[in-house]
Amino acid sequence: MVRCGMGCCPGPHVLPISIAILTLLSLITAYTISFLKGHIKRQFPYISETGASSPESCIFGELWNTIAVLLGIFYYFISKQVSAYFSEVSTRGTRRLLRMNNVALAFGFLDSFGISVVANFQITNLGYTHYVGAALAYLGLCVNAGINTALSYKMHYFTSRTVCRTRLVATFGMTLLSSITCTTGVLFWTLSYSNYKLHNASTLSQWLMVLMMLVYVLTYVHEFKRMTITPLKMNIRLNGHVYDMNLGSDDESRDSEGSLI
């Protein structure tokens, strides 16, 4: 638990758990509604196809937009965790590792942006934009996971070997499955949608890739338990005095001389 402005609230470790729950909720809900409405074919669909028609598209978009925001925060927390570690622990090539951390954060934000594009531009409306978003999401996810997994092996006093190996397997799985998804999908499209074995290989790989992503995300639950969040502070100038106020806090604000407002 962590002390927040409005009393006790769950700590940052609920973030990866929330991402996993919302992702599973989105997959199950969109697929169930689209199947019951008859909006998907008998062949196993792409995840995007389960959210291409109304009303499931509304739920699909809302949930995946929320997931995109949470993933952006998730990547930011990882970046700060890595920066804090290498600022305190002396390691060969610290500057290079910190640059790698910045690159990982950039690709993490790229993943979040790509997911948002996928959520807002349905495959049936603006297909090419949707595909660009998916490509950005795949690229951002795999590169971010690869760099952060490599950094995990350098954080000997913070990350266990078991967690490192789990992230390595998950990262390899995501990269392999996303490659299969794209390759077989392009081949299926090139062959004029005639070979449904390629279609099924592509769609199944995509669903498995998302599940591997959840495995990767959940490896950070234990590490995030070591984090705490403190309220943001706002300075308000009024009648020549500066008042400090913690955003979201119930504590009384005080001016620069310690008097209550």
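The preceding data block contains the structure.
Residues numbered from 1 in each chain as written. Predicted model: local features only at pLDDT ≥ 70, side-chain atom pairs only at ≥ 80, totals over all residues. Heavy atoms only, no water.

K.L.:
Summarise the pattern of salt bridges; cite the residues concerned and give the values.
P.N.:
In a structure, side chains of opposite charge can pair up when their charged atoms sit close to one another. Tallying each qualifying case throughout the model produces one salt bridge. With a shortest N-O distance of 2.9 Å, Glu223 and Arg167 are connected by a salt bridge. Here Arg167 lies in helix H5 (residues 161–190) and Glu223 lies in helix H7 (residues 221–224), a separation of 56 residues in the sequence. Each member of the pair, Glu223 as well as Arg167, carries the same accessibility label: buried. (Salt bridge = Lys/Arg side-chain N within 4 Å of Asp/Glu carboxyl O. Helix = DSSP H or I, 4+ residues; strand = E, 2+ residues; numbered from the N terminus. Buried < 20%, exposed > 50% of the residue type's maximum accessible area, 1.4 Å probe, protein only.)

K.L.:
How would you explain the environment of Thr228 if you had to name every residue and give the values?
P.N.:
Tracing the sequence through the fold places Thr228 in the loop between H7 and strand S3 (233–238). The exposed category is assigned to Thr228, whose relative accessible area is 60%. In this structure, the C-alpha to C-alpha distance between Thr228 and His13, residues 215 residues apart in sequence, is 9.6 Å.

K.L.:
Which residues make up the packing of helix H4 (residues 127–154) against H5, and what are the values?
P.N.:
In contact at an axis separation of 9 Å, H4 and H5 are set at 160° when each is read in the N-to-C sense. The orientation of H4 relative to H5 falls into the category roughly antiparallel. Note that H4 runs across H5; the crossing there is left-handed. Only Arg161, Cys164, Arg165, Arg167, Leu168, Thr171, Met174, Thr175, Ser178, Thr181 and Cys182 of H5 make contact with H4, whose side of the interface consists of Tyr138, Leu141, Cys142, Ala145, Gly146, Thr149, Ser152 and Tyr153. Classifying every residue of the contact of H4 with H5 by side-chain character gives nine nonpolar, seven polar and three charged. (Axes fitted to C-alpha atoms, helices over the stretch in contact; angles between N-to-C directions. Parallel < 35°, antiparallel > 145°, perpendicular 65-115°, else oblique. Left-handed = near helix turned anticlockwise from the far one by under 90°. Contact = heavy atoms within 4.5 Å. Nonpolar A, V, L, I, M, F, W, Y, C, P; charged D, E, K, R; others polar.)

K.L.:
Could you give an account of a positive patch on the surface, naming the residues involved and the relevant values?
P.N.:
A cluster of basic residues, Arg92, Arg95, Arg96, Arg99 and Lys154, forms a positive patch on the protein surface. Mapped onto the elements, Arg99 comes out in helix H3 (residues 94–120). (Patch = residues over 30% accessible without salt bridge, like charges linked within 9 Å, V, L, I, M, F, W, Y side chains within 5 Å. Areas by Shrake-Rupley, 256 points an atom, 1.4 Å probe, with all protein chains shown as cover. Lys, Arg positive; Asp, Glu negative; His and termini not counted. Charge placed at Lys NZ, Arg CZ, Asp CG, Glu CD.)

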